[in-house]
Amino acid sequence: MDDDVVQRVFQEGGRDYYQQPSTSSSSSSSILQSLPLHVSFDHGYYLLVKSIQELREKKEGLVTVGIGGPSGSGKTSLAEKVASVIGCNFVSMENYRVGVDDGNDLDSIDFDTLVQNLQDLINGKDTMTPVFDFQEKRRVGSKAIKSFSSGVVIVDGTYALHARLRSVLDIRVAVVGGVHFSLLSKVQYDIGDSCSLDYLIDSIFPLFRKHIEPDLHHAQIRINNSFVSSFREPIYKLKCKSEQSPNGDPSASTFHGKEAMMDNFIEMYLRPPSASEEARINDWIKVRQSGIRYYLSLGDQRIVDRHYIIRPKAEFEVGRMTLGGLLALGYNVVVSYKRASTSVSNGNVSVSLETIDSLGETYMVLRGTNRKTVGAEASRMGICGPWITKSYLEMILETKGVPRINTPPLTSNASSISNQEQLIAAPKPLRITPNLVNRLEDLSQPWTRSPTKSKMEPVLATWHFISSDPPLAGGSVIDPSFRDSLHLAPMPDSYDLDRGLLLAVQAIQAVLENKGLPVIVGIGGPSGSGKTSLARKMANIVGCEVISLESYYKSEQVKDFKYDEFSSLDLRLLSKNIDDIRNFRRTKVPIFDLETGTRSGFKELEVSEDCGVVIFEGVYALHPDIRNSLDLWIAVVGGVHSHLISRVQRDKSRVGCFMSQNEVMTTVFPMFQQHIEPHLVHAHLKIRNDFDPVLSPESSLFVLKSNKQVAYQEILRILDPAKICSSVQNFIDIYFRLPGIPANGQLAESDCIRVRICEGRFALLIREPIREGNFIIQPKVDFDISICTVAGLLNLGYKAVAYIEASAYIYQDGKILVEVDHIQDVSNPYLQIKGVNKEAVAVAGSTLKLDGSYTTKSYLQIIQERLPVLERSSSGIHTQQAARLQELVQLIQSQCNIVMEKQGSSSASESSPSREASPLDGVIEDMQSRIKRLERWHTINTVLWTFLMSAFVGYSLYQRKHK
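Residues numbered from 1 in each chain as written. Predicted model: local features only at pLDDT ≥ 70, side-chain atom pairs only at ≥ 80, totals over all residues. Heavy atoms only, no water.

Asks: An account of the overall build of the protein chain is requested, with residue identities and associated values reported.
Replies: The helix and strand tally for the protein chain stands at 28 helices and 39 strands. In the protein chain, which comprises 963 residues, the proportion classed as buried is 55%. Of the contacts formed within the protein chain by residues at least 6 apart in sequence, a portion of 75% connects residues at least 24 apart. As presented, the protein chain carries roughly 41,900 Å² of accessible surface, and 50% of it is formed by carbon and sulfur atoms. (Helix = DSSP H or I, 4+ residues; strand = E, 2+ residues; numbered from the N terminus. Buried < 20%, exposed > 50% of the residue type's maximum accessible area, 1.4 Å probe, protein only. Contact = heavy atoms within 4.5 Å. Areas by Shrake-Rupley, 256 points an atom, 1.4 Å probe, with all protein chains shown as cover.)

Asks: Please set out helix α16 (residues 531-542) residue by residue, giving values where relevant.
Replies: Look at α16: 16 Å from first C-alpha to last across twelve residues, which is about the 16 Å you get at 1.5 Å a residue. Of the residues flanking the end of α16, it is Gly543, one or two places downstream, whose phi is positive at about 75°. (Expected span 1.5 Å × (residues − 1).)

Asks: Could you give an account of the sheet that holds strand β33 (residues 761-765), naming the residues involved and the relevant values?
Replies: As summarised here, the arrangement of the ten strands in space is β34-β35-β30-β39-β38-β37-β31-β32-β33-β36, forming an open sheet in which the pairing is antiparallel. For this open sheet the edge positions go to β34 (770-772) and β36 (783-785), each flanked by a neighbour on one side alone. Mean inter-strand twist for the sheet, computed between neighbouring axes without regard to direction, equals 35°. The sheet contact formed by strand β31 (residues 725-737) and strand β37 (residues 799-812) spans 13 bridges and is antiparallel. Among the inter-strand pairings, Ile734 is bridged to a residue of β37, identified as Tyr803. Packing of helix α24 (residues 787-795) onto the sheet brings it into contact with β31, β32 (753-758), β33 and β36, and relative to β36 it is tilted by some 80°. (Pairing = 2+ DSSP bridges. Axes fitted to C-alpha atoms, helices over the stretch in contact; angles between N-to-C directions.)

Asks: I'd like to hear about the side chain of Ser807, residue by residue, with values.
Replies: By the secondary structure assignment, Ser807 is in strand β37. A distance of 2.8 Å separates polar atoms of two side chains, one belonging to Ser807 and the other to Asn730. (Polar contact = N/O pair within 3.5 Å; in protein donor to acceptor, adjacent residues only side chain to side chain.)

Asks: Please set out the packing of aromatic side chains residue by residue, giving values where relevant.
Replies: Inspection of the entire model under this criterion finds seven aromatic pairs. Between Tyr337 and Tyr392, the aromatic rings sit 6.4 Å apart at their centres with planes inclined by 75°, giving edge-to-face as the arrangement. Linking Tyr337 in strand β17 (residues 332-345) with Tyr392 in helix α12 (residues 392-399), this pair joins segments that are 55 residues apart in sequence. Each of the two residues, Tyr337 as well as Tyr392, counts as buried. Judged by centre distance (5.5 Å) and plane angle (50°), the ring pair of Tyr363 and Tyr392 falls under tilted. Remark: Tyr392 occurs in helix α12 and Tyr363 occurs in strand β19 (residues 361-368); sequence separation between them is 29 residues. By the burial criterion, Tyr363 is buried, and Tyr392 matches it. The rings of Tyr337, Tyr363 and Tyr392 are connected pair by pair, giving a single aromatic cluster. Looking at Arg756, its charged tip hangs above the ring of Phe731, at a distance of 3.8 Å from the centre. (Phe/Tyr/Trp six-rings, centres within 6.5 Å; stacked < 30°, edge-to-face > 60°. Lys NZ or Arg CZ within 6 Å of the ring centre and 35° of its normal.)

Asks: Just give me the short version of the nonpolar core, but keep the residues and values in it.
Replies: Tyr552 and Phe616 are the most contacted members of the largest nonpolar core, which totals 66 residues. In this view, Tyr552 contacts Ile547, Ser568, Leu569, Asp570, Leu573, Leu574, Asn577, Val589, Pro590, Arg599 and Phe616; residues no more than four positions away in its chain are not counted. (Core = buried A, V, L, I, M, F, W, Y, C linked by side-chain atoms within 4.5 Å.)

Asks: Would you mind going over the pattern of salt bridges in detail, with residue names and values included?
Replies: In total, this model carries 33 salt bridges according to the counting rule given. Notably, a salt bridge pairs Asp110 with Arg139, separated by 3.1 Å at the nearest N-O pair. Here Asp110 is found in the loop between β4 (89-92) and α4 (111-122), whereas its partner Arg139 is found in strand β6 (residues 138-145), with 29 residues between them in sequence. Look at Asp110 and you get buried, because its relative accessible area is 17%. We classify Arg139 as partly exposed; its relative accessible area is 32%. Among the salt bridges present, the one from Lys390 reaches Glu398, with a minimum N-O distance of 2.3 Å. Lys390 sits in the partly exposed class, given a relative accessible area of 36%. Through salt bridges with shared partners, a single ionic network connects Glu267, Lys286, Arg339, Glu354 and Arg367. (Salt bridge = Lys/Arg side-chain N within 4 Å of Asp/Glu carboxyl O.)

Such coordinate-based values are descriptive only and should not be taken to indicate function.
So this is what it looks like as structure tokens:
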């Protein structure tokens, strides 16, 4: 956790920025002191939530927060995500407009009313805030805010850090980056070096340097938002002509009783000044006008898969002056049309009738964030096509006879091939820079205007193909053998997760267009880098199959904790499966049960038109013995892999020791540098996963915990009986702490790194979750690591200071998960309700009558409180468990030494297909027997309880069905 960072920014003083020296008798509350923090969006979100919580505890009355920044930087998104966790009042400065001028104009903001509203809330008075209607271009009413409805108020707007407001703000947050930086990067790439960055800023955002940027330097938390556009949560669309619908009016036939929304837009496409007349629309800028508001998106960032149009959330609001600035820089409006829309929504799917004046047609469009839900709604409405996958822009260009260039070009000249060979011959390590807090003087450009990448690049890169067998000159037909010799040319640069996801899907489509089915993809990278997450997101977009290399584990290797060894994979079966897929043969893919450590069966897989893409993901997916059979190679680094390195560096610095990234990596990830990283440099696409799955609000799981006794029949009633499933897990949590870290005499979870041993796997938690009200907000999943990583922490000086054993009985239906944990040495079990929807989790808790019994304490805290006072120290928690804890530590170190020795011997003598039995095999068996003794009581309880609960659940469902 970042408590030390939060503490650094707290000082005694008043609300205003100009702090006065405090006295011992002063009763003024603690506030944030302005420091040059420069952090990522996810880290900034986490720091802001923790700062609000700490300030709320240290002061009486209201906590006021201002979030400012240029248009498109992500400040509104940050405010909404914080409000969803804290449960505070949210005030948008857009409702304080007094005119219809450009939204960035200071004269159009009613600061007097806003300051008065904030003063009323600070003084404990109710207040009325204005409501502005952008279609009618005027104020249409007001909204009441109760003074005690929430202890926090967030003000969001371009001028939220203006001098008129700073005196009434406790916390000031500046957000820069986002599409604001991306537009600057795009324009500078289009225009070249003919204009300075300051000139471009003054042209596109004329008010930024004079009226916005100076205020941002008064922020206490400064966020650089690298987010551009994301396919993490894409929008799926189905489009057809309205006459294809049995009833042309969606409001009458689709969602009866729902209110229809009517909108009118003007959509314009701007071509760069240096672009040719050919319609390379990926280089164009789209501007959509709705009333007095203007929205901008970069390029035609969409994917077409079968009948679906898939778009990212890539639009952001700009001022009218931005459009004028682009036109002044030489951009030309090449296409403009009006779109009238009537739409209704049921919360999951919206159905719209859209009329395009330039085409003289009306179209029906279904939109939603879930592909299957959109398709099911189309089937329910009786619409089966024909579907239209072209954009309105493409359709208009076709009527004008303008060709569109969208086919990835071939790079068949010798220079490109030689350059590619040179790239592979001299690979560079693929690393990610830790996310450290930088100071202003370390930045080449002011932090408020410096893009996250020093080198400007186009918004979307283009895939090229290379061939070792060029076609004959003058030939008009491409020979099939030449098509087989085509290979993707690797991208010369690495990309962030959002851009990499888009490029990965576009690469699949490029291979499909140029080589046909099937397309076999490999995603490799270290543990915790985000391979599985990327693979699933790609599969959601493309609609394909994902196969984990963990399915190919050998049972004997897994029992010895050898997950990181390449020899742990059944390479012969893997090669056969890939060969069957390549030749359109039905094949059987193994299913591996990690709980038992054995192969539990097979599932059939067959390539077809509906499933022509298969993704293999795993640590060794890009090993030469595997990647040479694949079409697309993707390497992913970063994620928890890099965050653990940063955490170790932070802990070391707290005890007065500095360690470089390389020193930590070679100790904590000993297999990476030698056996994994060399394979990643050959990837066609290299992705830097800057996304923080631990801190990010995108991966939040809301948890309610209680020790109130609940009957299992009551648990079943809150779950969907058609989807309910249950399981039992045994786990052991070990807490590692670096000696010398300052402590207040008691073991704190925030000072520890927790490692969970479950089903033979090791999972990592490196930061304490957020606790707000009754809720615990934590990452959705734990992150797997190898036994060598745990041993590496021990080698770096970390000590195992706590040990918890438990059995978890889990019931879930896909929306809500209920977990009943039986903790050793704790008499009563604890019940946890988990879900991504905060309201659904709260309703489930109320249904089970748990209100008033919730706790946000960790199991470590709960066990500590049960110990005698003399045993509550930072050096350990339970003298009776010391022997077990020491035994586990010795097991981890011994097993890692065995793995490393065998890995070294296999690297030294790869030519020997078989080896003699090692005397260490007896040691392994002894270690396994000790683990089994430690878990024996868990196993007996699990078997008995599983039989009892299965019978109980079956009987309950039978009774319900019978009634």
